[in-house]
Amino acid sequence: MSARQVIAVASALFAITATTTACGSGDQPPGGENRPSSIQEGTTTYPVTLSNCGTDYTYDGPPERVVVMNGGSVAETSSLLALGVGDRIVANAQSYGTSDVPGRAEAIAALPTGGITLNDLQDIPREAMIGLRPDLVISTHSGGFAAESGFATREDLAGLGANTYVPATACGEAGTVTAAPTIEDSHVMLRDLGLIFDVSGKAEQLIADSMKVVDEVSAKVQGRPVKKVVVVFPGMGTDDLSSIAANGVWNDILARAGAENPFADSSGNVFATVSKEQLAATPVDALVLVNYMNPDPEGNARKILAEFPQWPATRDQRLLVLSDSIYFGPSNDVAVDRIARLVHPDAF
């Protein structure tokens, strides 16, 4: 992976807290986000206005020509597929190569790409974007609309009649987080997309199904010793241990699974700066390796364990390979369940 590709992938992990609200009257659904009363009915009343990253966008109907930018994420495309509106995508730049959800990687691979030649950041350049004639463009972060990076700006696209959307957790500048994102942030995007595409009932069902798993797992591990779990992203840096998770949605996932990240800190950095001496001195109970285009992720994980024979994780060979469920997205319940079963097998 080139340095610029690393930046593009890493940008999808950066989560700056922001507020996304829809304008309208009615009760507040779970999560506290203001949404029109139609969300309770499962039917969006158009026109509907959604405030995203501080700007209001009005939808006269469900989008028909959707372009999804890359940024190293699959959360946005996965959410559209989970909501059953993948057929609205005319060009998708997101690809992860694998998924923790059966059939998802294949479904993403089958989506149209629009015949676009991606730029050095592995994303859609301005002229190509304009040529796609989108009515909605979804970016993983605000930088996907930065003119200085060669992208169409939100103003450019508005001039074409296209709305734009960025997940609320990524409205700010990439680099640090002001508050750790949670599973609820993944659900906020599902609710937003449900509203935009008139599938709010489906969004609420997906959230309810996910939280049923999360709550059941959390109940099973409650009161058990909290296990220390290291999350590693091989390929994101110069070596296997250069990209260790610090602050991200994975910390909420770990907490609900009866675990904790020993390298989470108050700095707000997504990745931790940890020496091998610090790693060796930390009693790591389990290793989670995040698979991104890795030809042998389990072998990679065992190689890391072998470097730290003093870890309880190495003694018990307690390792797990995950991919998209550990990121921001619609399937965090999968990661919660699998991590809990890894570190608290007796609870299941």
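What comes next concerns the included structure.

The rules behind each value
- Residues numbered from 1 in each chain as written.
- Predicted model: local features only at pLDDT ≥ 70, side-chain atom pairs only at ≥ 80, totals over all residues.
- Heavy atoms only, no water.
- Pairing = 2+ DSSP bridges.
- Helix = DSSP H or I, 4+ residues; strand = E, 2+ residues; numbered from the N terminus.
- Axes fitted to C-alpha atoms, helices over the stretch in contact; angles between N-to-C directions.
- Contact = heavy atoms within 4.5 Å.
- Core = buried A, V, L, I, M, F, W, Y, C linked by side-chain atoms within 4.5 Å.
- Buried < 20%, exposed > 50% of the residue type's maximum accessible area, 1.4 Å probe, protein only.
- Phe/Tyr/Trp six-rings, centres within 6.5 Å; stacked < 30°, edge-to-face > 60°.
- Parallel < 35°, antiparallel > 145°, perpendicular 65-115°, else oblique.
- Left-handed = near helix turned anticlockwise from the far one by under 90°.
- Nonpolar A, V, L, I, M, F, W, Y, C, P; charged D, E, K, R; others polar.

1. Re the sheet that holds strand S4 (residues 66–68)
- A sheet is described by the order of its strands in space; here four strands give the open sequence S5-S4-S6-S7, paired in parallel fashion. Of all the strands in the sheet, just strand S5 (89–92) and strand S7 (163–165) have a single pairing partner and so form its edges. Adjacent strand axes in the sheet meet at a mean angle of 15 degrees when their direction is disregarded.
- Looking at chain direction, S4 and S5 are connected through three bridges and run parallel. Note that in S5 the partner of Val68 across the bridge is Asn92.
- Packing of helix H3 (residues 75–82) onto the sheet brings it into contact with S4, S5 and strand S6 (136–138), and relative to S4 it is tilted by some 140 degrees.

2. Some points on the nonpolar core
- Ranked by internal contacts, the top residues of the largest apolar core, which has 59 residues, are Leu80, Phe197, Ile326 and Ile339.
- Ignoring sequence-local partners within four residues, the contact set of Ile339 consists of Ile253, Leu254, Ala257, Val288, Leu320, Leu322 and Ile326.
- Of all hydrophobic cores here, the second largest spans 19 residues; its members include Val230, Leu289, Ala313 and Leu319.

3. Quick notes on the packing of aromatic side chains
- Under the criterion given, the structure shown has six aromatic pairs.
- On the numbers, 5.1 Å between centres and 50 degrees between planes, the contact of Tyr96 with Tyr292 is tilted. Here the residue Tyr96 occupies a position in the loop between S5 and helix H4 (104–109), and Tyr292 occupies one in the loop between strand S12 (286–290) and helix H11 (297–306), the gap between them amounting to 196 residues.
- Ring pairs connect the aromatic residues Tyr96, Phe233, Trp250, Phe271, Tyr292 and Tyr327, which therefore count as one cluster.

4. Concerning the pairing of strand S3 (residues 55–59)
- One ladder, built from five bridges, connects strand S2 (residues 48–52) with S3; its direction is antiparallel. By the bridge assignment for S3, Thr49 is matched with Thr58.
- The loop that links S2 with its antiparallel partner S3 comprises two residues; one of these, Cys53, has a positive phi angle of about 55 degrees.

5. Quick word on the packing of H3 against helix H7 (residues 183–196)
- It is the contact of H3 with H7, at a shortest axis distance of 10 Å, that shows an interaxial angle of 55 degrees. Looking at the two axes, H3 sits oblique to H7. Handedness of the crossing formed by H3 with H7: right-handed. Residues Ala75, Glu76, Ser79 and Leu80 of H3 touch H7, and the partners they reach there are Met189, Leu190 and Leu193.
- Here the residues of the contact of H3 with H7 sort into five nonpolar, one polar and one charged.

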